[in-house]
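For reference, the chains in residue letters:
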Amino acid sequence: MQFYDAHILTVILLTPLVGALLLLLVPRESENAHRVLGNVFGLLGFVISLPLLWRFDTSVAGYQFRETADWIPSIGAHYTLGIDGISYLLVMLTTFLGAISILSSWSAIQMRKKEYYILFLLLQVGMLGVFMSLDFFLFYLFWEVMLVPMYFLIGVWGSDRRLYAAIKFFLYTLAGSVLMLLAILTLYYRAHELTGQPYTFDVPTLLAAAPQFSTLLQQYLFWGFFFAFAIKVPMFPFHTWLPDAHTEAPTAGSVILAGVLLKMGTYGFLRFSLPLLPTDAVARQHIINILMVVSIIGIIYGALVCMMQKDMKKLIAYSSVSHLGFCTLGIFALNPHGISGSVIQQINHGISTGALFLLIGVLYERRHTRLISEFGGLSTPMPNFAAIYLIMTLSSLGLPLLNGFIGEFTILSGVYQVSIAWTAWASTGIVLGAAYLLWLFQRVMFGSVTNPANEHLPDLNAREYATLLPLVALAFWIGIYPKPLFTILEQPVKQIVQQANPSYYKEAEAAPIPAPVAAATPQLPEAAPAPGTVNPPAATVAEPAAGAVR
């Protein structure tokens, strides 16, 4: 227990790895053992992370649960872990969705079960490592390790065009990673030259040295990291790998890809790109203008393309381009509302879009097709399925009292502080989102059952309820009572804004405080002054009545 208290992040990180190693020892013929062991360690990974809920201190600024050990001291690389409020939420999302995704694979995966569960658990290790690492060398290792399991999950257990989608995913992400590696090495060597300190890959140390670089070098560093994260999000026009990867991946792969992997890009923007913004105001504003416009294009473009899709899974995949556009829009607003709303919307997207992919997976297991034209009137044979589908659709389009509304509202309020025009353009994405999501629901669920194959489809079973109901509960909880999320994010968001937009709090402090408006009270008309008298001063006229609260 003492070891767990001192190394809680290491335990959370390595639990899926232990499961993968144990699965190696299970004979290939024991398929049920593979499924059971995979699900046990998927659930165990989530259970072990639960103590973070009451041990994480929201009042503390900076990283918590830090662990440091020498790894490759000759080059300054250390095994350093730590989390703040942002990475804490993403770690919890990863363990939660990981357990649900593995459970959803129970009957969907019929071949090579041993390899499937091993790769999925290794994917969990890579994603958790990205959110926990406080050493650039370690971060890059986990970033690259994550590619291999996802490549095989798509390429082996995907649909018809799985190899094309897997290779495209791998090449796009690898191309961005190479640019990020060059930026890390530049940061590593230039920080040593500037400060004269020993070589180190420590993230806080290197980011603290970046403001002392020349404006041109700061711009090169920013764009070097930017392309890696923009491809992962993915931002327009780096998004073309996403629909193929989503469509061809197995259901659990699509859930974890939308729910967690895409958030690695937005997390990178928050953790690395914002601190690397040029200190020169003109150069910084030029970059922000470009990224805000690109985000708005992604919001509108993704929504419009959704309207044209014939495949349900591809429609939800393109919706991620639009929804993640809101997240990047909030990040680059560079104010507390925008950044807090962005992180909350990242969590919301994982919940809502993950649930929609699970629901589409339920239909695919029953009918082995995702074409919208093959369905219609499903609310008759599958009423419970239709009810959950409706809730998650409304959650995704941002209906008040569901989670999507909180994130979008907070983002738009942050963007409004920067530009009314950008807010107006981004708002069109909400309208278009409601259009394509409700139109999809209407075509699939309403009307009469025209296809005989759909007349006797079974409704949700107990395992499917177990994967979907927790997501429904979270959607309502965040929509009704989001205060805990804002409390968790208050300190890290304040620290990011102070670093990336130092003038924000100075302007807020310098803004004049408006005088309180007195309550309106009926007043008798004043008598005209006598000839030759002077009107009394306003202070004497406004003298409060006896007994009034001063």
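Thresholds applied
Sequence positions are assigned chain by chain, starting from 1 and proceeding in written order. Reporting in this predicted model follows two pLDDT cut-offs: at least 70 for local features of residues, and 80 or more for side-chain atom pairs to be given and counted; totals over whole chains, interfaces and linings ignore these cut-offs and use all residues. Water and hydrogen atoms play no part in the side-chain values, which are based on all heavy atoms of the structure. Elements are defined by DSSP. Helices are runs of H or I of four residues or more, strands are runs of E of two residues or more, and each kind is numbered from the N terminus. Burial classification: accessible surface area is computed with a 1.4 Å probe over protein chains only, and a residue below 20% of its type maximum counts as buried, one above 50% as exposed, and the rest as partly exposed. Any two residues whose heavy atoms approach within 4.5 Å at even a single point are treated as in contact. To estimate how far a helix should reach, multiply one less than its number of residues by 1.5 Å. Each residue is assigned a bend, namely the angle between axes fitted to the seven residues that terminate at it and the seven residues that start at it. One requirement defines pairing of two strands: DSSP has to find at least two bridges between them. In this description, the term disulfide denotes a pair of cysteine sulfurs within 2.5 Å. All axes here are fitted lines through C-alpha atoms, helices being fitted over the stretch that makes contact, and every angle between N-to-C directions spans 0 to 180 degrees. Orientation is classified from the angle alone, with under 35 degrees giving roughly parallel, over 145 giving roughly antiparallel, 65 to 115 giving roughly perpendicular, and any other angle giving oblique. By convention the crossing between two helices is left-handed if the near helix lies anticlockwise of the far one by an angle smaller than a right angle, and right-handed if it lies clockwise. Aromatic pairs are defined between Phe, Tyr and Trp rings, using the six-membered ring for Trp, whenever the two ring centres lie within 6.5 Å; interplanar angles under 30 degrees are classed as stacked, those over 60 as edge-to-face, and all others as tilted. Sitting over a ring, as applied to charges here, requires NZ of Lys or CZ of Arg to be within 6 Å of the ring centre and within 35 degrees of the ring normal.

J.: Would you take a moment to explain the environment of leucine 261 for this structure?
T.: As for its position among the elements, leucine 261 is in helix 13 (residues 251-273). Given the relative accessible area of 0%, leucine 261 is considered buried. Separated by 30 residues in the primary sequence, leucine 261 and leucine 291 place their C-alpha atoms 21 Å from one another. Among residues more than four places away in sequence, those in contact with leucine 261 are Leu123, Met127, Met146, Met150, Phe169, Lys232 and Ile256.

J.: Teacher, can you tell me more about the environment of phenylalanine 137 here?
T.: If you trace the backbone, phenylalanine 137 turns up in helix 7 (residues 136-145). We classify phenylalanine 137 as partly exposed; its relative accessible area is 30%. The contacts of phenylalanine 137, once residues within four sequence positions are left out, are Trp71, Ile72, Ile75, Ala77 and Phe201.

J.: For this particular structure, what's the right way to read helix 21 (residues 483-500)?
T.: Side chains that are three or four residues apart share a direction in an α-helix, a result of its 3.6 residues per turn. In a regular helix each residue adds 1.5 Å, so 18 residues correspond to 26 Å; helix 21 covers 25 Å between its end C-alpha atoms and thus fits that length. Residue glutamate 490 marks the point of greatest curvature in helix 21, where the axis turns by about 45 degrees; the proline proline 492 follows within four residues. All of the buried residues in helix 21 are Leu485, Ile488, Leu489, Pro492, Val493, Ile496, Val497 and Ala500.

J.: Explain unusual backbone geometry to me, please; I cannot follow it from the model alone.
T.: For residues that are not glycine, phi is negative in most cases, and the peptide bond is trans in most cases. Residues valine 233 and proline 234 are joined by a peptide bond in cis, for which omega reads -5 degrees. Within the fold, proline 234 resides in the loop between helix 11 (215-232) and helix 12 (241-248). A cis amide bond links phenylalanine 236 to the next residue, proline 237, at an omega of 5 degrees. Residue position: proline 237 is located in the loop between helix 11 and helix 12. The backbone of leucine 401 shows a phi angle near 80 degrees, a positive value even though the residue is not glycine. Mapped onto the elements of the fold, leucine 401 is located in the loop between helix 17 (383-397) and helix 18 (403-416). Assessed through its relative accessible area of 56%, leucine 401 is described here as exposed.

J.: Would you take a moment to explain the pairing of strand 2 (residues 77-83) for this structure?
T.: Counting buried residues in strand 2 gives five out of seven residues, a clear majority hidden from the surface. By the bridge criterion, six bridges tie strand 1 (residues 64-72) to strand 2 in an arrangement that is antiparallel. The residue bridging glutamate 67 from the neighbouring strand is leucine 81, located in strand 2. Linking strand 1 back to strand 2 in an antiparallel pair, the connection comprises four residues, with glycine 76 at a positive phi of about 85 degrees.

J.: I tried to follow the state of the cysteines on my own but got confused; where do I start?
T.: Simply put, disulfide is the name for a covalent bond between the sulfur atoms of two cysteines. Across all of its chains, the model carries zero disulfides by this definition. The cysteine cysteine 306 is free of any disulfide, with cysteine 327 supplying the nearest cysteine sulfur at 15 Å. Among the residues examined, cysteine 306 registers a relative accessible area of 1% and is labelled buried.

J.: Looking at this model, I keep getting lost on the packing of helix 16 (residues 336-367) against helix 18. Mind explaining?
T.: The geometry of a pair of packed helices is captured by two quantities: the angle between their axes and the separation between those axes. Where helix 16 contacts helix 18, the two axes come as close as 8 Å, and the packing angle between them is 155 degrees. Here helix 16 is positioned roughly antiparallel relative to helix 18, judged by the angle of their axes. The hand of the helix 16/helix 18 crossing is left-handed. In this structure, helix 16 contributes His337, Gly338, Gly341, Ser342, Ile344, Gln345, Asn348, Ile351 and Ser352 to the contact, and helix 18 contributes Asn403, Gly404, Ile406, Gly407, Glu408, Thr410, Ile411, Ser413 and Gly414.

J.: Would you explain the packing of helix 12 against helix 15 (residues 312-331) in this entry?
T.: Orientation of helix 12 relative to helix 15, taken along the N-to-C sense of each, is 140 degrees, at an axis distance of 9 Å. In terms of orientation, helix 12 lies oblique with respect to helix 15. Pair helix 12 / helix 15 crosses with right-handed handedness. Where helix 12 abuts helix 15, its residues Leu242, Pro243, Asp244, His246 and Thr247 lie against Lys313, Lys314, Ala317, Tyr318, Ser320 and Val321.

J.: Sorry if this is basic, but what is going on with the packing of aromatic side chains here?
T.: The relation between two aromatic rings is expressed through the spacing of the ring centres and the mutual angle of the planes. What the rule picks out here adds up to 39 aromatic pairs. Here the aromatic rings of phenylalanine 56 and tyrosine 88 are separated by 4.4 Å at their centres, their planes lie at 5 degrees, and the arrangement is stacked. With phenylalanine 56 in the loop between helix 4 (52-55) and strand 1 and tyrosine 88 in helix 5 (residues 85-104), the pair connects residues that are 32 residues apart, well separated along the chain. You can call tyrosine 88 buried: its relative accessible area is 4%. An angle of 75 degrees between the planes, with centres 5.6 Å apart, marks the rings of tyrosine 189 and tyrosine 199 as edge-to-face. Of the two residues, tyrosine 189 sits in helix 9 (residues 162-195) while tyrosine 199 sits in the loop between helix 9 and helix 10 (203-209), which places them 10 residues apart along the sequence. Geometry around phenylalanine 375 places arginine 367 over its ring, the cationic atom sitting 5.5 Å from the centre.

J.: It is not clear to me how the side chain of aspartate 202 should be interpreted in this structure. Could you clarify?
T.: With respect to the secondary-structure elements, aspartate 202 resides in the loop between helix 9 and helix 10. Contact partners of aspartate 202, with chain neighbours within four places excluded, come to Arg66, Leu134 and Asp135.

J.: I'm lost on the environment of isoleucine 288 in this one. Help?
T.: Within the secondary structure, isoleucine 288 sits in helix 14 (residues 281-306). Looking at isoleucine 288, the relative accessible area reads 4%, which means it is buried. Taking the C-alpha atoms as reference points, isoleucine 288 and leucine 329, 41 residues apart in sequence, are found 9.7 Å from one another. Apart from residues lying up to four places away in sequence, isoleucine 288 is in contact with Leu277, Phe332 and Leu334.

J.: For this particular structure, what's the right way to read helix 12?
T.: Summarising burial for helix 12: eight of the eight residues are buried, a large majority. Residues Trp241, Leu242, Pro243, Asp244, Ala245, His246, Thr247 and Glu248 constitute the buried set of helix 12.

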